[in-house]
Amino acid sequence: MSELRFPEGFVWGAATAAYQIEGAAREDGRGPSIWDTFSRTPGKVFQGHTGDVACDHYHRYADDVALMAELGLAAYRFSIAWPRIRPDGTGPVNPRGLDFYDRLVDTLLGRGIDPFVTLYHWDLPQALEDRGGWTVRETAEHFADYAIAVHRRLGDRVRTWTTLNEPWCSAYLGYGNGMHAPGRTDAGDAFRAVHHLLLGHGLAARALRAAGAEILGITLNLADVQPADPDSAADAAAVRLIDGLQNRIFLDPLTGAGYPDDVLAHLSGMVEPDFIRDGDEKLIAAPLDLLGINYYSPSYVAGRPGGAGGGAYPGSEGRVEFLPPAGPLTDMGWMIEPAGLTRLLERVAADYPGLPLVITENGAAFADRKGAGEAGGVADGDRVAYLDGHLRAAHRAIARGVDLRGYLVWSLLDNFEWAEGYRKRFGIVHVDYLTQRRTPKESARWYQEVISRNGL
Ligand code: IFM
């Protein structure tokens, strides 16, 4: 394989999220989030795992940052827990919650690591869910207030602000098929949530910009949707439907084109879209400085009357069949196809030009065995191959003209993988949950080398 170099200044980093790593669920005034409630609801999370302790990062952040520095990371993407800052979602700001992120940011900067803040990675304060959650408009307004409270404390040191992580998951998995918190199962609620999440993004982005935030973005888990048969018109229609529900429903309004007509027609069959008010689309289209893309795997779909549909795509039942993933799979059962990343990056660059892109998540869960590597390490060659393939795919997109500015591996640490609990390991660093010992896997050492060469 040839040697590849990335552009000068390409940002190498790693990502995590608050509920997945912090623990300290009841400390320093943190209020309950929807994930605290959901993980305690029998049958929702593998073996009843919770984020109560997770990786105990709340107490071990300084050592974790030292590890990041050792690996040579230039950027660290983490999320702020809204229930630490406003324990009941709306009331007074909890200074002790902000203190934690203050310490984290200073520690990162002290090691030369650029903090990439995500304001919402799924941990809505439970008090707000009790008042309707993302299905009601007020939540969007409360989100903007919370964003400003965080900016007030960290804005003098944090340059890069991401409003939401993967609103597709918050809306469709949280309110549509119930796989994620808060576990509601109503198609109308899922679309209400899509809209209010986007509105929350728009309101927060405007407020942050006015407050002087330097780089503003949002992270989407976009799908590379492919037809089972490239010559089939029915399959092309299935692609259009799923692409509309996962990609265009977010990208079009964010970039000023408003909701796509075909998507509006589709959702109007399930819910009266009266929650979209005049002027909302303009608010959602707040100018963006970068778009974060999370990519793991492609989807192959066929248009089939009576098809099972995708549980997470409201209204796809009876119309679409998702092909079973083929070839080597990750431990999540996800197909491995790096070419999907090149296709996705090129498509976004072509259809939504002028938007700098960052891969804010990419990585894989594998059934790592501690002790399989030298001196009791973790030999995760399958993860190295996955990452290597996807970095080559990203490089291909850059070579073809895509403005890709950085790559953040998911994830720095093994962590709480939502409904899968701790049984799926995405980290390049192994975490022993009994001792909280961190052990860099072979993939971490490989990534360290990639960073130091700025290439492969
Ligand atoms: O762990 C998640 C993360 O929180 C959001 N993106 C996908 C990852 C893997 O499932």
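Refer to the preceding data block for the structure.
Cut-off values and rules
Residues numbered from 1 in each chain as written. Predicted model: local features only at pLDDT ≥ 70, side-chain atom pairs only at ≥ 80, totals over all residues. Heavy atoms only, no water. Helix = DSSP H or I, 4+ residues; strand = E, 2+ residues; numbered from the N terminus. Rg over C-alpha atoms; globule rule 2.2 N^0.38 Å. Buried < 20%, exposed > 50% of the residue type's maximum accessible area, 1.4 Å probe, protein only. Contact = heavy atoms within 4.5 Å. Areas by Shrake-Rupley, 256 points an atom, 1.4 Å probe, with all protein chains shown as cover. Lys, Arg positive; Asp, Glu negative; His and termini not counted. Charge placed at Lys NZ, Arg CZ, Asp CG, Glu CD. Pairing = 2+ DSSP bridges. Axes fitted to C-alpha atoms, helices over the stretch in contact; angles between N-to-C directions. Parallel < 35°, antiparallel > 145°, perpendicular 65-115°, else oblique. Left-handed = near helix turned anticlockwise from the far one by under 90°. Phe/Tyr/Trp six-rings, centres within 6.5 Å; stacked < 30°, edge-to-face > 60°. Nonpolar A, V, L, I, M, F, W, Y, C, P; charged D, E, K, R; others polar. Near = heavy atom within 4 Å. Polar contact = N/O pair within 3.5 Å; in protein donor to acceptor, adjacent residues only side chain to side chain. 1 Å grid on protein atoms, 1.4 Å probe; cavity = no way out; pocket = protein on both sides within 12 Å on 5 of 7 lines; lining within 4 Å. Sits in = over half its atoms within 2 Å of the grid points.

From N to C terminus, the chain includes 15 helices and 13 strands. Against the compact-globule benchmark of 23 Å for 456 residues, the chain has a radius of gyration of 21 Å, which places it among compact chains. Considering only C-alpha atoms, the chain reaches an extent of 55 × 55 × 45 Å along its principal axes. For the chain, with 456 residues in total, the buried portion stands at 62%. Long-range contacts, defined as pairs at least 24 residues apart, comprise 76% of the intrachain contacts of the chain with a sequence gap of at least 6. A total of about 16400 Å² of accessible surface is found on the chain, and carbon and sulfur atoms cover 51% of it. Computed over 45 positive and 60 negative side-chain charges, the inter-centroid distance for the chain is 3 Å.

Below, the discussion takes up the sheet that holds strand β2 (residues 75-79). As summarised here, the arrangement of the eight strands in space is β1-β2-β3-β4-β5-β7-β10-β11, forming a closed barrel in which the pairing is parallel. Strand after strand, the sheet turns through a mean of 25° between neighbouring axes, direction not considered. As defined by bridge partners, strand β1 (residues 11-15) adjoins strand β11 (residues 404-410) across five bridges and the pair is classed as parallel. Bridge pairing in β11 places Ala14 opposite Val409.

Below, the discussion takes up the packing of helix α3 (residues 57-71) against helix α5 (residues 95-110). Packing of α3 against α5 brings their axes to within 10 Å, and their N-to-C directions diverge by 15°. Regarding the angle of α3 to α5, the classification is roughly parallel. The two elements α3 and α5 cross, and the hand of that crossing is right-handed. For the pair formed by α3 and α5, the contact residues are His57, Tyr58, Tyr61, Ala62, Val65 and Met68 on the first element and Arg96, Phe100, Arg103, Leu104, Thr107 and Leu108 on the second.

A few words on the packing of aromatic side chains. On inspection of all chains with the given rule, the structure shows 36 aromatic pairs. Arranged with centres 6.1 Å apart and planes meeting at 50°, the rings of Trp334 and Phe426 form a pair that is tilted. Here Phe426 lies in the loop between β11 and β12 (429-432) and Trp334 lies in the loop between β9 (320-322) and α13 (338-351), a separation of 92 residues in the sequence. Taking relative accessible area as the criterion, Phe426 reaches 2% and is therefore assigned buried. Put simply, the rings of Tyr19, Trp35, Phe38, Trp122, Phe416, Trp418, Tyr422 and Tyr433 pair up and form one aromatic cluster.

Attention shifts here to the packing of α5 against helix α7 (residues 137-154). Contact geometry of α5 with α7 gives a least axis separation of 10 Å together with a crossing angle of 50°. By the criterion of interaxial angle, the relationship of α5 to α7 is oblique. Handedness of the α5/α7 crossing: right-handed. Each of Pro95, Leu98, Asp99, Tyr101, Asp102 and Val105 in α5 lies in contact with α7, whose residues at this interface are Ala149, Val150, Arg153 and Leu154. When the residues that make up the contact of α5 with α7 are grouped by side-chain class, the tally is seven nonpolar, no polar and three charged.

Once that is clear, we can look at the site of the ligand. Lining the immediate environment of the ligand, one finds Gln20, His121, Trp122, Asn165, Glu166, Tyr296, Trp334, Glu361, Trp410, Glu417, Trp418 and Phe426. In this structure, a nitrogen atom belonging to the ligand sits 2.8 Å away from a side-chain N or O atom of Glu166. Interatomic distance of 2.8 Å between a side-chain N/O atom of Trp418 and an oxygen atom of the ligand. Within the complex, 95% of the 280 Å² of free accessible area of the ligand lies under protein. More than half of the atoms belonging to the ligand lie within 2 Å of the grid points that define the largest pocket.

Further remarks concern the pairing of β2. Each regular strand carries side chains that alternate between the two faces of the sheet. Judged by how many residues are buried, β2 sits mostly within the fold: five of five residues are covered. In the sheet, β1 pairs with β2 via three bridges, with the strands oriented parallel. Considered in β2, the bridge of Ala15 is made with Arg77.

Tracing the backbone shows Gly340 in helix α13. Those residues in contact with Gly340, other than ones at most four positions away along the chain, are Asp224 and Tyr295.

Function-wise, these values are silent; they only describe arrangement.
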